[in-house]
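# Structural overview
Chain residues, written in single-letter form:
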Amino acid sequence: MTIVPTIKLFETDAHIRELETTIVDQSDAGVCLEKTIFYAESGGQPGDVGELVLDGGVPLRVVNTQYIPGRLRIAHVLATPPDRSLIGAKVLARIDWERRYRLMRLHTSLHLMCSLVDAPVTGCAIYPDYARLDFDIEGPLDRQLLTDRLNALIGKDLPVEIQYRSADEMSAMPSLVRTVQAAPPQTGNQLRLVSIGDIDRQPCGGTHVRSTGEIVSLAVTSVEKKGRHNRRVKIALTALTGRSTETAG
Ligand SMILES: [Zn+2]
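Scoring rules and cut-offs
- Residues numbered from 1 in each chain as written.
- Predicted model: local features only at pLDDT ≥ 70, side-chain atom pairs only at ≥ 80, totals over all residues.
- Heavy atoms only, no water.
- Buried < 20%, exposed > 50% of the residue type's maximum accessible area, 1.4 Å probe, protein only.
- Helix = DSSP H or I, 4+ residues; strand = E, 2+ residues; numbered from the N terminus.
- Pairing = 2+ DSSP bridges.
- Phe/Tyr/Trp six-rings, centres within 6.5 Å; stacked < 30°, edge-to-face > 60°.
- Lys NZ or Arg CZ within 6 Å of the ring centre and 35° of its normal.

### Quick word on the pairing of strand β10 (residues 131–136)
Along β10, five of the six residues are buried, which leaves the element largely enclosed by surrounding structure. Examined bridge by bridge, strand β9 (residues 121–126) and β10 share five bridges and lie antiparallel to one another. Along β10, the bridge assignment pairs isoleucine 126 with alanine 131. Joining the antiparallel neighbours β9 and β10 is a turn of four residues. By the bridge criterion, six bridges tie β10 to strand β16 (residues 230–237) in an arrangement that is antiparallel. Bridge pairing in β16 links alanine 131 to isoleucine 235.

Listed below in structure tokens is the structure:
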């Protein structure tokens, strides 16, 4: 049997909040959709939560989104497994946008931090309330200086753009790869590159804002020493709401 990959709309437009689509498979792991706007956990960014609303208005609560091994398809993990087959059912898929938008603002902020700290990144995690990067660096990092420089880049409202490059084109520019990626963001033989103005460009499969002004403001909340060569830097958003432009589903 040929496995039809899930169409990942979050890769092409991270600002879609809801979408009409069809359930194409169902298992203990959850349900698969023909196309999805739910980001599947990867690269330090958690899977989306939200709901799938069936014809007739019955909502199914999605508590997590995960790749099925092989990464071709995406499982939407339901709070309550359905007691009947839903294959073929039309649904309105709706993500918890408030949570996802915080993740997008924090995720993009980590890219900005990579552009400011000249050291290899050895760890990355993003949560709805904060995000962190681990740097392989010996010297200290100034929390206030880093906060000021990050907010200056946010204030410049730099464009965030997605490009696709082949592995050959990538090997011609190895200096771009800063992060230690758990799973390379590869679609076919194309690598997904995220660039922010002319200050940062790196392979990434996550969801980002369209321009840094959407982040509004943030603060470095701590710099912890986690061993002689490791500094863990945590950031949090200091503006409750971001400056988003909505995309219709
Ligand atoms: Zn990213």
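There's plenty left to go through after this.
### A few points about the packing of aromatic side chains
Inspection of every chain in the model, using the stated rule, returns three aromatic pairs. Residues phenylalanine 10 and tyrosine 39 carry aromatic rings whose centres are separated by 5.2 Å and whose planes lie at 75° to one another, so their mutual orientation is edge-to-face. With phenylalanine 10 in helix α1 (residues 9–12) and tyrosine 39 in the loop between β4 (35–36) and β5 (50–54), this residue pair connects regions lying 29 residues apart in the sequence. There is no split in this pair, since phenylalanine 10 and tyrosine 39 are both buried. Aromatic side chains tryptophan 97 and tyrosine 101 sit 5.1 Å apart centroid to centroid with 20° between the ring planes, which places their arrangement in the stacked category. Taken as a pair, tryptophan 97 and tyrosine 101 lie in helix α2 (residues 97–116) at a separation of four residues, close to a single helical turn. It is arginine 71 that lies over the ring of tyrosine 67; its NZ or CZ is 4.2 Å from the centre.

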